[in-house]
Amino acid sequence: MKVLVIGSGGREHALAWALAQDPEVELVAAAPGNPGIAVLRPAYDGQTIVCRPVDVDDHDAVVALARELDVDLVVVGPEAPLVAGLADPLRDAGFAVFGPSREAAQIEGSKAFAKDVMAAAGVPTGRAYVCVTPEEAATAIDAFGPPYVVKDDGLAAGKGVVVTSDREAALAHAAECDQVLIEEFLDGPEVSLFAITDGTTVLPMQPAQDFKRLGDNDEGPNTGGMGAYTPLPWAPEDLVADITENVLQPTIDELRHRGTPFSGLLYAGLALTSRGVRVIEFNCRFGDPETQALLPMLKTPLGGLLYAAATGKLADHGDLSWRNASSVAVVVAAKKYPVSPRKGDAITGVEQAESDAVHVFHAGTALADEELVTAGGRVLAVSAVGKDLAEARQRAYAAVGQIRIKGSQHRTDIALKAERGEINP
């Protein structure tokens, strides 16, 4: 199998790395890719891993590249090209595509659309008002009271949500959005659950938890995610089955019934509230950084799994297989992230940090005069596997300590409460 991965971030590096572990995959091409993917060592003899420049907004150029490489499968990583409809011309050209159509991708592209789908499917979620004027937003904010949850209706690169007890800050964020959702605050621990689907069959992955706030103890601004871990030792035994039955399958069924079947990765962000599971949001692609924690745990070959979903044959695939271990991913971010991350700072120590149990996935890196430098807010995700969370955390943070980036930031408490047994659903 020849696979083309679209994207350039940490999620795409993890996908390329996992695809390279599949002996049935002979070519992994990333477009445009990143320096980490470019130096991936082939996992098997005769395998090729390449990066090819392409403008992901130029759909004709992406289709032409897929034809040139004669690929069997295209995996579209980021949400923006999916919401822009990249999967559609690729499918029209005859390629198997892992990723939803433009219409189905609105499950992430519009939070109002997602709420409508959930209402029709009977999926439990928080109450929300859709607002288009400052006056409407103020009324909704006052109706719910603090803490206020204010969400940009469209894509915002992981920075469109403000959760605050400061009314003025909530109103200010609402004023920056063309259309905004004001939601009730959902208590309880959060869970990320990914599902591979071909539009009918749903195969859930194991749950993970990510950390959105910049600083330890969930302080500071919301970010795209500062770390993640899996599995969740505190999660109820029936959690995945419950979410699959009451959230994932009904959502996939509703989208199919609307004539917009969803094929690809459906990401459910959930809160385990005192009233039961509630959906916080849906995404239409692999989450970042949960992907960097999950894929090193997956024993099932990724290429065959994604191809089965892309070709409507997931029912014949079988359940997923996982390592009996734990995984922790810690994000290393650039100075001044998330407001104005500094670019061009030298990155050293990556090779020394890696081992059989530790993988460093590039998210915002570039080469300048053959030197690795920062090129984005979240620069690296350091992912480590251990027999339990304690060992995985120790390995991850030891590796983070070997990496040098001037002024870099990272949280020191990823998975710490779970390791200590301090989370109670």
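Residues numbered from 1 in each chain as written. Predicted model: local features only at pLDDT ≥ 70, side-chain atom pairs only at ≥ 80, totals over all residues. Heavy atoms only, no water.

If you check an unreviewed UniProt entry, the protein chain appears there as Phosphoribosylamine--glycine ligase from Kribbella speibonae. Taken directly from UniProt, the Pathway (unreviewed entry) text for the protein chain runs: "Purine metabolism; IMP biosynthesis via de novo pathway; N(1)-(5-phospho-D-ribosyl)glycinamide from 5-phospho-alpha-D-ribose 1-diphosphate: step 2/2." What the UniProt record of the protein chain gives under Catalytic activity (unreviewed entry) is the line "5-phospho-beta-D-ribosylamine + glycine + ATP = N(1)-(5-phospho-beta-D-ribosyl)glycinamide + ADP + phosphate + H(+)". (UniProt positions renumbered as here; feature names shortened; annotations may be inferred.)

Draft legend 1. View of the side chain of Asp153. If you trace the backbone, Asp153 turns up in the loop between strand E7 (148–152) and strand E8 (161–164). Comment: no salt bridge for buried Asp153; closest opposite-charge side chain is Lys111, at 6.5 Å. Among the polar contacts listed, one links the side chain of Asp153 to the side chain of Ser110, at a separation of 3.3 Å. In contact with Asp153, other than residues within four places in its own chain, are Gly109, Ser110, Lys111, Ala112, Gln179, Val180 and Leu181. (Helix = DSSP H or I, 4+ residues; strand = E, 2+ residues; numbered from the N terminus. Buried < 20%, exposed > 50% of the residue type's maximum accessible area, 1.4 Å probe, protein only. Lys, Arg positive; Asp, Glu negative; His and termini not counted. Salt bridge = Lys/Arg side-chain N within 4 Å of Asp/Glu carboxyl O. Polar contact = N/O pair within 3.5 Å; in protein donor to acceptor, adjacent residues only side chain to side chain. Contact = heavy atoms within 4.5 Å.)

Draft legend 2. Inspection of helix H7 (residues 111–121) at higher detail. Restricting attention to buried positions, one finds in H7 the residues Lys111, Ala112, Ala114, Lys115, Val117 and Met118. Packing partners of the buried residues in H7 comprise helix H6 (106–109), strand E6 (128–131), E7, strand E9 (180–183), helix H10 (239–257) and strand E17 (276–283). Just beyond H7, the residue with positive phi is Gly122, at close to 70 degrees.

Draft legend 3. Highlighting a negative patch on the surface. Together, Asp55, Asp57, Asp58 and Asp60 make up a negatively charged patch on the protein surface. Mapped onto the secondary structure, Asp57 falls in the loop between strand E3 (48–51) and helix H3 (59–69). Taking the relative accessible area as the measure of exposure, Asp57 reaches 61% and is therefore exposed. (Patch = residues over 30% accessible without salt bridge, like charges linked within 9 Å, V, L, I, M, F, W, Y side chains within 5 Å. Areas by Shrake-Rupley, 256 points an atom, 1.4 Å probe, with all protein chains shown as cover. Charge placed at Lys NZ, Arg CZ, Asp CG, Glu CD.)

Draft legend 4. A look at unusual backbone geometry. Here the amide bond leading from Pro146 into Pro147 is cis, since omega sits at -10 degrees, within 30 degrees of zero. Mapped onto the fold, Pro147 is located in the loop between helix H8 (134–144) and E7. The step from Asp288 to Pro289 runs through a cis peptide bond, and the omega angle for that step is 20 degrees. For Pro289, the location among the structural elements is in the loop between E17 and helix H11 (290–294).

Draft legend 5. Representation of the pairing of strand E15 (residues 227–230) in the model. By the alternation rule, side chains of E15 split into Gly227 and Tyr229 and Ala228 and Thr230, which are all buried. Pairing geometry for strand E12 (residues 209–210) and E15, over two bridges, is antiparallel. Bridging across to E15, Gln209 finds its partner in Tyr229. Pairing geometry for E15 and strand E18 (residues 326–333), over four bridges, is antiparallel. (Pairing = 2+ DSSP bridges.)

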